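Architecture at a glance
In case you want the letters, here they are:
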Amino acid sequence: DVKVTQSSRYLVKRTGEKVFLECVQDMDHENMFWYRQDPGLGLRLIYFSYDVKMKEKGDIPEGYSVSREKKERFSLILESASTNQTSMYLCASRQGGATEAFFGQGTRLTVV
Amino acid sequence: AQSVTQPDIHITVSEGASLELRCNYSYGATPYLFWYVQSPGQGLQLLLKYFSGDTLVQGIKGFEAEFKRSQSSFNLRKPSVHWSDAAEYFCAVGAPNFGNEKLTFGTGTRLTIIP
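The notes below deal with the structure included here. In this text, all values refer to a predicted model and were calculated from it rather than measured experimentally.

**Side note on the interface of chain A and chain B**
The interface of chain A with chain B comprises 23 residues on the first partner and 19 residues on the second. Overall, the association of chain A and chain B removes approximately 1800 Å² of surface from exposure, summing both partners, and the carbon and sulfur fraction of that is 53%. Counting the surface chain A buries against chain B, the share from its top three residues, A:Leu43, A:Arg94 and A:Glu100, is 26%. Linking chain A to chain B there are two salt bridges. The closest approach of N and O atoms between A:Glu100 and B:Lys49, which form a salt bridge, is 2.9 Å. At the boundary of chain A with chain B, the tally comes to eight residue pairs in polar contact (both at pLDDT 80 or more). For the side of chain A that touches chain B, the elements supplying multiple residues, two or more each, are β4 (31-38), β5 (42-51) and β9 (87-94) of chain A. Classifying every residue of the side of chain A that touches chain B gives 10 nonpolar, nine polar and four charged.

What counts as what
Residues numbered from 1 in each chain as written. Chains lettered and ligands numbered in written order. Predicted model: local features only at pLDDT ≥ 70, side-chain atom pairs only at ≥ 80, totals over all residues. Heavy atoms only, no water. Contact = heavy atoms within 4.5 Å. Buried area = accessible area lost by both parts, 1.4 Å probe. Salt bridge = Lys/Arg side-chain N within 4 Å of Asp/Glu carboxyl O. Polar contact = N/O pair within 3.5 Å; in protein donor to acceptor, adjacent residues only side chain to side chain. Helix = DSSP H or I, 4+ residues; strand = E, 2+ residues; numbered from the N terminus. Nonpolar A, V, L, I, M, F, W, Y, C, P; charged D, E, K, R; others polar.

Next comes the structure, spelled out in structure tokens:
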């Protein structure tokens, strides 16, 4: 069974902390994505990566960075967490072309 | 750039009634189209997808969707809903060209089922 695994289901962090959200996929997919989900706003793309060490900004990259050192792992980094980054974060992977994206279970991050 | 509109924020239907969730997209050619479902506290699960060919596609859990190019729509339907269908539903669009692999999602429709 294909799988996208996010390292934490729930996280509570303090304002100003550096936060790492980790995502691993076991499908050898080229493309990986980080979305943020907020009520009424749907899923908004933060960053995506189409290859190891390659990344592109999505629609809301401000305050975030990413790292992809290995094909199976894609990390989202909040350099200095703020309360407005409290949200659900969803990781996804996709091979590309006529294929669907597979999602992790999500990480609910609360910044206090 | 592609975009998706789900005009209904919240829909309530009775168990056993039929369901239609609306999705409109904006893209210059025929896009890839998807419907995903999210149960509370969970990730997204694919219900169905359209890439090309037959415009009526069947998915899991008894759902179907119809691609209508003339209306730029990809509405999701189910003839008889079950209480377990209560969830949030997302329509998504992808561009069928190499190098643009991101999916763009709508804002979602929350479905409530009443007995």
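The rest of the description comes next.
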